[in-house]
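Structural description and commentary
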Amino acid sequence: MKGGIRQSMSWLHGWSGLLLGWLLFAIFFTGTIAYFRQEVTLWMQPELHGSVPSPRAAEIGLSKLAEVAPKAASWTVNLPSDRSDTVRISWRNEGEGRGNRRGSGSQAERRDANSEAASAKPEQRAVIRDGGQREGARARDRARGGDGAVREGRRDRDTASGSAANRDRSRGGGGGRDRNGLTLDATTGETLKPRETAGGNFLYRFHFELYALPRAWARWIVGIATMTMFVAIISGIITHKKIFKDFFTFRPGKGQRSWLDAHNATAVLSLPFHIMITYSGLLLFTSTLLPWASQAVLGDNPRAAFMQMRAAEERKAEALRAEVAKAGAGPMVPIGPLLERAERSWGQPASRITVSDPGKAGSIIEILPTRNDSLTQQSGSGGLGAVKLAFSAKNGEPIPLSGERPQSVVSSIDTALGSLHRARFAEPGLRWLFFLAGVGGTVMVGTGLVLWSVKRAEKSRAERLPFGHRLVDHLNVGAIAGLIVATGAYFWANRLLPAGIGNRAEWEINSFFLVWLATFLHPLARPLKRAWIEQLLLGGALFVAIPLLNAVTTDSHLGVTLLSGNWLLAGFDLVSLIFGAALLHTAVKLVRHKARHKAPRRRGMPEPAPAVALPAE
Amino acid sequence: MSLTSLALAFLAFVALALAMDRHHGQVLNGRPSARFRSAMRMAGAALLAMSVIPCVTAHGWSIGLTWWIGILTAASMPVLLLLTYRPQLIPRLGLAAPLVALVPFLSHI
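Residues numbered from 1 in each chain as written. Chains lettered and ligands numbered in written order. Predicted model: local features only at pLDDT ≥ 70, side-chain atom pairs only at ≥ 80, totals over all residues. Heavy atoms only, no water.

Turning next to the overall build of chain B. Helix and strand counts for chain B come out as 5 helices and 0 strands. Counting from the amino terminus, chain B carries its helices and strands in the arrangement α-α-α-α-α. For chain B, whose C-alpha radius of gyration is 14 Å, the value lies close to the compact-globule estimate of 13 Å for 109 residues. C-alpha extents for chain B along the principal axes are approximately 40 × 25 × 25 Å. Expressed as a percentage of the 109 residues in chain B, the buried residues total 46%. The contacts in chain B between residues at least 6 apart in sequence include a share of 65% that link residues at least 24 apart. Accessible surface, chain B: about 5600 Å² in total, of which carbon and sulfur atoms supply 73%. (Helix = DSSP H or I, 4+ residues; strand = E, 2+ residues; numbered from the N terminus. Rg over C-alpha atoms; globule rule 2.2 N^0.38 Å. Buried < 20%, exposed > 50% of the residue type's maximum accessible area, 1.4 Å probe, protein only. Contact = heavy atoms within 4.5 Å. Areas by Shrake-Rupley, 256 points an atom, 1.4 Å probe, with all protein chains shown as cover.)

In this section: helix H13 (residues 271-284) of chain A. Residues and elements named next belong to chain A. Its 14 residues give H13 an end-to-end C-alpha distance of 20 Å, which sits within 8% of 20 Å, the value for a rise of 1.5 Å per residue. Taken as a whole, H13 has its buried residues at Leu271, Phe273, His274, Met276, Ile277, Thr278, Ser280, Gly281 and Leu282. Residues of H13 that are buried in the fold lie against helix H1 (5-34), helix H11 (215-239), helix H12 (256-269), helix H14 (286-289), helix H18 (409-422) and helix H19 (428-459). (Expected span 1.5 Å × (residues − 1).)

Let us now look at the interface of chain B and chain A. In this complex, chain B contributes 24 residues to the contact, which on the side of chain A involves 29 residues. When the two sides are added together, the surface that chain B and chain A hide from each other amounts to roughly 2200 Å², 75% of it contributed by carbon and sulfur. Along the contact surface separating chain B from chain A lie 1 salt bridge. Where chain B meets chain A, there are 5 residue pairs in polar contact (both at pLDDT 80 or more). Within the residue set of the side of chain B that touches chain A, elements represented by two or more residues are helix H1 (2-18), helix H2 (21-28) and helix H4 (61-85) of chain B. Of all the elements, H4 of chain B adds the most residues to the side of chain B that touches chain A, at 17 residues. Of the residues that constitute the side of chain B that touches chain A, the class distribution is 15 nonpolar, 8 polar and 1 charged. (Buried area = accessible area lost by both parts, 1.4 Å probe. Salt bridge = Lys/Arg side-chain N within 4 Å of Asp/Glu carboxyl O. Polar contact = N/O pair within 3.5 Å; in protein donor to acceptor, adjacent residues only side chain to side chain. Nonpolar A, V, L, I, M, F, W, Y, C, P; charged D, E, K, R; others polar.)

Before going further, it helps to examine H12 of chain A. Since one α-helical turn is 3.6 residues long, residues separated by three or four positions face the same way. In a regular helix each residue adds 1.5 Å, so 14 residues correspond to 20 Å; H12 of chain A covers 20 Å between its end C-alpha atoms and thus fits that length. Counting buried positions over the 14 residues of H12 of chain A gives 11, a clear majority of the element. Buried residues of H12 of chain A: Ser258, Trp259, Asp261, Ala262, His263, Asn264, Ala265, Thr266, Ala267, Val268 and Leu269 of chain A, and no others. On its buried side, H12 of chain A packs onto H1, H13 and H19 of chain A together with H4 of chain B.

Moving on: the pattern of salt bridges. Tallied over the full model, the rule gives 20 salt bridges over all chains. Glu323 of chain A is the salt-bridge partner of Lys326 of chain A, the closest N and O atoms lying 3.2 Å from each other. Given a relative accessible area of 66%, Lys326 of chain A falls into the exposed group. Residues Arg504 of chain A and Glu508 of chain A are paired through a salt bridge, measuring 2.9 Å at the closest nitrogen-oxygen approach. Here Glu508 of chain A and Arg504 of chain A lie together in helix H21 (residues 504-525), a separation of 4 residues that amounts to about one turn. Residue Arg504 of chain A shares its accessibility class with Glu508 of chain A, and that shared class is buried. Here the salt bridges share partners, and the residues they tie into one network are Asp246, Arg251, Arg257 and Asp261 of chain A together with Arg22 of chain B.

On to the sheet that holds strand E4 (residues 191-192) of chain A. Residue and element names in this part refer to chain A. The antiparallel open sheet is built from 8 strands, whose spatial order is E4-E3-E2-E1-E5-E6-E7-E8. Only two strands of the sheet have a single partner each, and these edge strands are E4 and strand E8 (398-399). As defined by bridge partners, strand E1 (residues 74-78) adjoins strand E2 (residues 87-92) across 5 bridges and the pair is classed as antiparallel. Its bridge partner being in E2, Ser74 is matched across the sheet by Arg92. In the packing of helix H3 (residues 57-68) onto the sheet, contacts are made with E1, E2, strand E3 (180-184), E4 and strand E5 (350-356), and the angle to E2 comes to roughly 35°. Lying over the sheet, helix H16 (residues 302-325) contacts strand E6 (364-369), strand E7 (389-392) and E8, oriented at roughly 120° with respect to E6. (Pairing = 2+ DSSP bridges. Axes fitted to C-alpha atoms, helices over the stretch in contact; angles between N-to-C directions.)

A few words now on unusual backbone geometry. Residues and elements named next belong to chain A. With a phi close to 50°, Leu210 is a non-glycine residue in the positive phi region. Structurally, Leu210 can be placed in the loop between helix H10 (199-209) and H11. Even without being a glycine, Ala212 presents a positive backbone phi close to 65°.

One finds Phe434, Tyr490, Phe491 and Trp532 of chain A to be the most contacted residues of the largest nonpolar core, which totals 122 residues. Ranked by the residues each element gives to this core, the list is headed by H19 of chain A, at 14 residues. Setting aside chain neighbours within four positions, we find Phe434 of chain A in contact with Tyr35, Phe273, Met276, Leu420, Ala423, Phe425 and Ala426 of chain A together with Thr66 of chain B. Counting residues in hydrophobic clusters, the runner-up holds 29 residues, among them Ala58, Val87, Leu184 and Val333 of chain A. (Core = buried A, V, L, I, M, F, W, Y, C linked by side-chain atoms within 4.5 Å.)

Reading predicted coordinates in detail is not appropriate for stretches of low pLDDT. Residues and elements named next belong to chain A. Across chain A, pLDDT averages 81, with 79% of residues at or above 70. The low-confidence segment residues 99-178 (pLDDT under 50) makes 188 contacts with residues lying over four places distant or belonging to another chain. Below pLDDT 50 for its whole length, residues 597-617 participates in 77 contacts with residues either more than four positions away or in separate chains. (pLDDT = per-residue confidence, 0-100.)

Our focus in this paragraph is a nonpolar patch on the surface. Together, Ile5, Ile234, Ile237, Ile238 and Ile275 of chain A make up a nonpolar patch on the protein surface, roughly 390 Å² of accessible area in all. The biggest single contributor to the nonpolar patch is H11 of chain A, with 3 residues. (Patch = residues over 30% accessible without salt bridge, like charges linked within 9 Å, V, L, I, M, F, W, Y side chains within 5 Å.)

Our next topic: the packing of aromatic side chains. Residues and elements named next belong to chain A. Applying the stated rule across the entire model yields 35 aromatic pairs over all chains. Ring centres 4.0 Å apart and planes at 15° place the aromatic pair Trp43 and Phe572 in the stacked group. Taken as a pair, Trp43 in helix H2 (residues 37-43) and Phe572 in helix H25 (residues 567-592) lie far apart in primary sequence, 529 residues in all. When sorted by exposure, Trp43 lands in the same class as Phe572, which is buried. A cation over a ring is seen here: Arg37 above Tyr204, with NZ or CZ 3.7 Å from the ring centre. (Phe/Tyr/Trp six-rings, centres within 6.5 Å; stacked < 30°, edge-to-face > 60°. Lys NZ or Arg CZ within 6 Å of the ring centre and 35° of its normal.)

What follows is about the pairing of E6 of chain A. Residue and element names in this part refer to chain A. Burial analysis of E6 places 6 of its 6 residues in the buried class, which makes it a mostly covered element. Residues Ile364, Glu366 and Leu368 point to one face of E6 and Ile365, Ile367 and Pro369 to the other, with burial holding for every one of them. Pairing geometry for E6 and E7, over 4 bridges, is antiparallel. For Ile365, the partnering residue across the bridge sits in E7 and is Phe391.

Let us now look at the pairing of E5 of chain A. Residue and element names in this part refer to chain A. Judged by how many residues are buried, E5 sits mostly within the fold: 6 of 7 residues are covered. In this sheet, E5 lies alongside E1 in antiparallel orientation, the contact comprising 5 bridges. If you follow Thr76 over to E5, its bridge partner there is Thr354. Inspection of the sheet shows E5 paired to E6 by 6 bridges, in the antiparallel sense. Within E6, the residue paired with Ala350 across the bridge is Pro369.

On to the packing of H10 of chain A against H21 of chain A, then. Residue and element names in this part refer to chain A. Two numbers describe how H10 lies on H21: the axes approach to 10 Å, and their chain directions differ by 50°. It follows that H10 is oblique to H21 by the angle criterion. Viewed along their axes, H10 and H21 form a crossing whose handedness is right-handed. In this structure, H10 uses Gly199, Phe202 and Phe206 to contact H21, whose residues at the interface are Glu508, Ile509, Phe512, Phe513 and Trp516. Here the contact of H10 with H21 is built from residues that sort into 6 nonpolar, 1 polar and 1 charged. (Parallel < 35°, antiparallel > 145°, perpendicular 65-115°, else oblique. Left-handed = near helix turned anticlockwise from the far one by under 90°.)

Dropping the structure here:
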C-alpha cells in the first residue's frame, strides 16, 4: 500500500467492507426488523388480532388459571402491553419445570446453560437471580433457533398453538419447559388458537445465528463479521475527508458521487448507532470469541459454579416462603389493588404476574414492570423490567426483595451496552428511532456494496469486466435485492400456507430460503441491470401488496386497524407499503437510467435512488 | 417532550447547514457573511445543547441520552433530504419548528 494513512485506510475499508458486506447486509436487514419481532410475530398470527386489551386482563388470566390448573405449583399471567394485545397464561405443575428441566434438558439447552453461566460475571451472578428463569428463557430462546426450532416446535404443537407465541409464553413459564400455556382474548377470556409460525423470531435469530449451521460456527461467523464491521467503521471514519463539510450533502444523479454521498450520509447521520450496535454486538459474542476470559473467572466447570449460585438463591427463596407461610393459607387477595400499587410505584404498567404455590400457605405474588428505566439495570426475566415487586397472596402485604447487587463500573458498562443492543427497554417511540437508525445502517451497507462495484466499473476501461468484478455484481443482486424478495416471500408464505399444515413454521422458513436461492440463480440468466430491475420490481410488488394480502386473508386490515387506532398491527402494513413503494420507485429510476460514463459499451450501474428509497424495511 | 427535542434538533441542524456555503446557497442564495456564519454556528450549537434537556428530564440520563442520539438522527435526515429535494421549504419549516417545540407544553397552560 502506497500513499498516506488515508489511502491505506481506504483500501482496508473497501476490502473489509466487501468481503463480509453481503453477510453484514443480511445481519443489518434482519436485525433491524428484529426490533419489532414481537409485533411481526403478532402480525403473523391473525388468530390473535381480535383480542382487545381490557382492564380485566389480569383477572381473566388468573381465573382461567384457577379453572384449568388449580393445583399447579405456580401460575404466570402475561398481560397485554404496548407490544401485545392478548393475555398469555402458563403454569407449572409440582415436580415439573426447573428440576425436571435440568434432568431432561436437551443437549442444546445444557450447552446454553454453560455458556450462559460462563458469560455471567461474578458481580452479575447474584443478579441473574431469578437465575432459573432467565437462563431457562434464554436457553429456550436459543433452542428455538436453527435446528432447535424444529425440535421444539414439534413439542409445542402438542400442547398449544404457535411456536412463536409459545416461545414468548415460555418466558412467563417460570423459566421451565413450557408444557402448559394458553393464549386468551384479553376482553372475553376466550382461548385463542394461533397458527404456527416462525414469526419475527426467525429473522431475529437469523441476524446472529444464521440458520441450519451448528450454533458455534454461526456465532463465530457472525462474530467475525461484526469485528470486520468495526474495522470498516473505524477505517471509514478515517477515510472520510469531509465529515462536517459533507454532513448534509446528497447529490443525486451523479453516478459514483451519489452512491458515495448516500453511503456517507447514512453512515454519518447515525454514526453513534453504528458504533454502538457493532461494539455491543461484539461484546454479546464475548463468550464465543473469548471463552478463556470467563473460564478464568468461573473455573473449568461453569455449570457447577452456576448450579451452586442457583442453589443459594433457592435456599433464600425457601426461607422467604417459610416466612410468608406463617400467615397460613387462604383465598388470594384481589389482584387489582396490588397492580395499582405496583404501577404507582414504577410509574409504568405491569406486564407479568407470577403466583407461586397458589392457594397454599406461603403463596407469593410477584409483579414485573414492562421495561427497565435505566440502561444499567439487568434485563428482567424475559426482557421485561427488572424491578419486580412481591406481595403475600393471603393478605397483600408487600414482601421486601433483595434488590440488585451493586455492579462494578465495567460490569455496568457491559450491561448498558447489552441493553442498548437489544433495546428491550425502549418504549414504542424510542423503538422507532432504533428502527430508523437500523434502516440507516442497512442502507449504509447496501450502498457501500454497490459503491465498491460502481467505483471500479467507472475506473475500468476493459471491454469486459474481470471475473471477480462480475462475481461481486452478481452477488450484490442476490444479497441485497434477493434478501428483500425472500423476506417478502416469507411474509406471503405466512398468509398463504394452509393454517393446519404440518411443520408450518418450517415451510415458512423453507419458502424464505428457496426464494433467496432463486434470486442468486436468476442473475445468471439475465443481464445485470435487468436482474436488478426485475428483483426490485418483484420485491416492491410483494411488499406493496402486503396490506392487500392482509385484507384478503384476515379481518384485521388497514381499513379496520387504522380506524380503531391499532398501530401495533397497522404499523406492519404501513411500513410494508412504504418500503414496497420505495423499492418500486428505485426500480423505475433504474429503468429510466442511461449509462452515464464515456464508455456506453458497458451496461450501466444502477443510479442511486434518494436515500429513503433504498433497501431496508 | 421528545417532540420538543426533535423540533429543537431540527432547528439546530438547519442553523448549522445555513452556516455552510453550499447549503446557504441552496436555501437563501449567495454566500453567508462571516458574521452570519458564526451566528448560525453558535445558534446551532446552543440549540443542539438545548435539545438534550427535554430528553433527560423526561427519561433520566441513560435512557434520555439514548433518546437524544436517536432524535439527532431523526432530525438530521430530513434536513439532508430537504436540502436535496425541497430547499425552499426549509425557511418555512424552520419558522414552524419553535412552535412545534412548544406543543407539548400546551397542556400545561
